[in-house]
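Architecture and fold: a report
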Amino acid sequence: MWLKVSNEGLSAKEQLPFWADLVSRELAPLTIGSANAAGFPAWASVLDLGSVRVAAFRSPPAYLKRTWADIRRADPDTYQLTFVSGTPLWISQQRQDSGLVCGDMVLFDLSHPFEGAVPDKGRHTQVVIAQLPRGGLPLPPDKIHRLLARRLSTSTGMGAIFARFMTTLDAYGPDCDPRDLSRLGTITLDLASACLAQHLGTYDALPAETRQQAMLARVNAFIDHNLGDPGLTPAAVAAHHHISVRTLHQLFRSEPESVAATIRRRRLERCRAELADPRLRRRTIGETALRWGFRHPADFSRAFRRAYGVTPSEIRAAVR
């Protein structure tokens, strides 16, 4: 299920009450306050992935508070792992304070009181939240609580991969087949577990399946980042991740295609997008192919025609 909603069609007086009620229903009961005299225009999207939900919110500066009374009204028994962009956000929980977080993540527990705020009055904040079942994380609660209301870096490792995955999921998840959404929920939970375990220094203690999904996500991120390198082969991918080529192929057994096929398809997708972009019509077909790792124009043309049933020249001609 995918929900997308905005309050911008309401009067300035109605916007904040509507928004507070929406957040309380979709996440958990809490209080939202704002000093914004011009109203509270905001939007949200919520993607249901079974036991996991991913929600994106964009709103003006606000103050948030969840009390024991709110928890008695409804306790979803979940953690919120939140990626913050736009304007800084701070969260305080369990005597821990995140400080201002922007461009990184912060974790909080909906079964305990917390408060937070977006203090910057100049801009909107945007957050993408993964709502994770407490019982679904293969980590002891006492260890997870060490991470509550702490800045969790997204600059390297699993933090970077998980933040990118969440923003991609928010953008493209609604287009997925409903049958795939439950699988995406499992992947989200595995990547979140790996991200938190890495911050705790307990990554090696995770279940083998969770570590496998995390490695697969790392490999996919590496492939996407290096598609333009002609030397990107299964052997190069395996060497970068310090695993054997056989182990790499085993990782992709449950995927729809092999490692080499994945690299080729993603390169062709990038080429097709650029050839169909009128802003790039001055870039030659050969330049486009080389930019995305195809050394030989003839090999590129054959692979392109097999994939799409038309030649690169026909795609370019249609744009013209």
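Refer to the structure printed above.
Residues numbered from 1 in each chain as written. Predicted model: local features only at pLDDT ≥ 70, side-chain atom pairs only at ≥ 80, totals over all residues. Heavy atoms only, no water.

Thoughts on the pattern of salt bridges
Any two side chains of opposite charge can pair, so long as their charged atoms come close to each other. Overall, the coordinates contain 16 salt bridges when judged by the stated rule. A salt bridge links Arg25 to Asp21; its shortest N-O distance comes to 2.9 Å. Of this pair, Arg25 and Asp21 both sit in helix α1 (residues 12-26), 4 residues apart, roughly one helical turn. Since its relative accessible area comes to 51%, Arg25 is described here as exposed. (Salt bridge = Lys/Arg side-chain N within 4 Å of Asp/Glu carboxyl O. Helix = DSSP H or I, 4+ residues; strand = E, 2+ residues; numbered from the N terminus. Buried < 20%, exposed > 50% of the residue type's maximum accessible area, 1.4 Å probe, protein only.)

A word on unusual backbone geometry
Although it is not a glycine, Asp77 sits at a positive phi angle of roughly 60 degrees. Along the chain, the position of Asp77 falls in the loop between α2 (68-73) and β6 (78-85). One non-glycine residue with positive phi stands out, namely Gln94, at about 50 degrees. Summarising the element assignment, Gln94 is placed in the loop between β7 (90-93) and β8 (96-97). Residue classification places Gln94 among the partly exposed positions, given a relative accessible area of 39%.

As for the sheet that holds strand β2 (residues 31-33)
Taking strand neighbours across the sheet as the criterion, the 5 strands line up as β2-β5-β10-β7-β8 in an open arrangement whose pairing is antiparallel. Among the strands making up the open sheet, the edge pair consists of β2 and β8. Where β2 lies against strand β5 (residues 63-66), 3 bridges are found, and the strand directions are antiparallel. Looking at β5, one finds that Ile32 is bridged to Leu64. (Pairing = 2+ DSSP bridges.)

Here's the deal with the layout of surface pockets
Empty space within the largest pocket amounts to approximately 1300 Å³. Lining the largest pocket are 28 residues, with Phe165, Thr168, Asn220, Asp224 and Arg266 sitting closest to its centre. Looking at the lining of the largest pocket, the elements that each hand over two or more residues are α4 (157-172), α5 (178-200), α6 (208-225) and α9 (259-275). Considering only residue class, the lining of the largest pocket consists of 13 nonpolar, 5 polar and 10 charged. The volume enclosed by the second largest pocket comes to roughly 280 Å³. Around the second largest pocket, the lining is made up of 14 residues, and of these Pro230, Arg264, Arg267, Gly293 and Phe294 lie nearest the centre. (1 Å grid on protein atoms, 1.4 Å probe; cavity = no way out; pocket = protein on both sides within 12 Å on 5 of 7 lines; lining within 4 Å. Points joined across faces, edges and corners; volume = space filled by probe spheres on them. Nonpolar A, V, L, I, M, F, W, Y, C, P; charged D, E, K, R; others polar.)

Structural notes on the packing of aromatic side chains
Considering all chains together, one arrives at 5 aromatic pairs under this definition. Pairing Trp19 with Phe57 gives two aromatic rings, centres 5.8 Å apart and planes at 90 degrees, and the pair type is edge-to-face. One end of the pair, Trp19, is in helix α1; the other, Phe57, is in strand β4 (residues 52-59), with 38 residues separating them in the sequence. Trp19 sits in the buried class, given a relative accessible area of 3%. Among the aromatic residues, ring-to-ring pairing joins Phe294, Phe300, Phe304 and Tyr308 into one connected group. Here Arg270 stacks its cationic end above the ring of Trp292, 5.9 Å away from the centre of that ring. (Phe/Tyr/Trp six-rings, centres within 6.5 Å; stacked < 30°, edge-to-face > 60°. Lys NZ or Arg CZ within 6 Å of the ring centre and 35° of its normal.)

Some points on the environment of Gly231
Mapped onto the fold, Gly231 is located in the loop between α6 and α7 (234-240). Residue class for Gly231 comes out partly exposed when judged on its relative accessible area of 30%. C-alpha of Gly231 to C-alpha of Arg295: the two residues are 64 residues apart in sequence and 9.7 Å apart in space. Setting aside anything within four residues of it in sequence, one finds Gly231 in contact with Ala236 and Arg295. (Contact = heavy atoms within 4.5 Å.)

Details of the sheet that holds strand β11 (residues 125-133)
A sheet is described by the order of its strands in space; here 7 strands give the open sequence β1-β3-β4-β11-β6-β9-β12, paired in antiparallel fashion. Where the open sheet ends on each side, the last strands, each with one partner, are β1 (2-6) and β12 (151-152). This element, α4, spans β3 (43-49), β4, β6, β9 (105-109) and β11 of the sheet and lies at about 100 degrees to β11. Packing of α5 onto the sheet brings it into contact with β3, β4, β6, β9, β11 and β12, and relative to β3 it is tilted by some 100 degrees. (Axes fitted to C-alpha atoms, helices over the stretch in contact; angles between N-to-C directions.)

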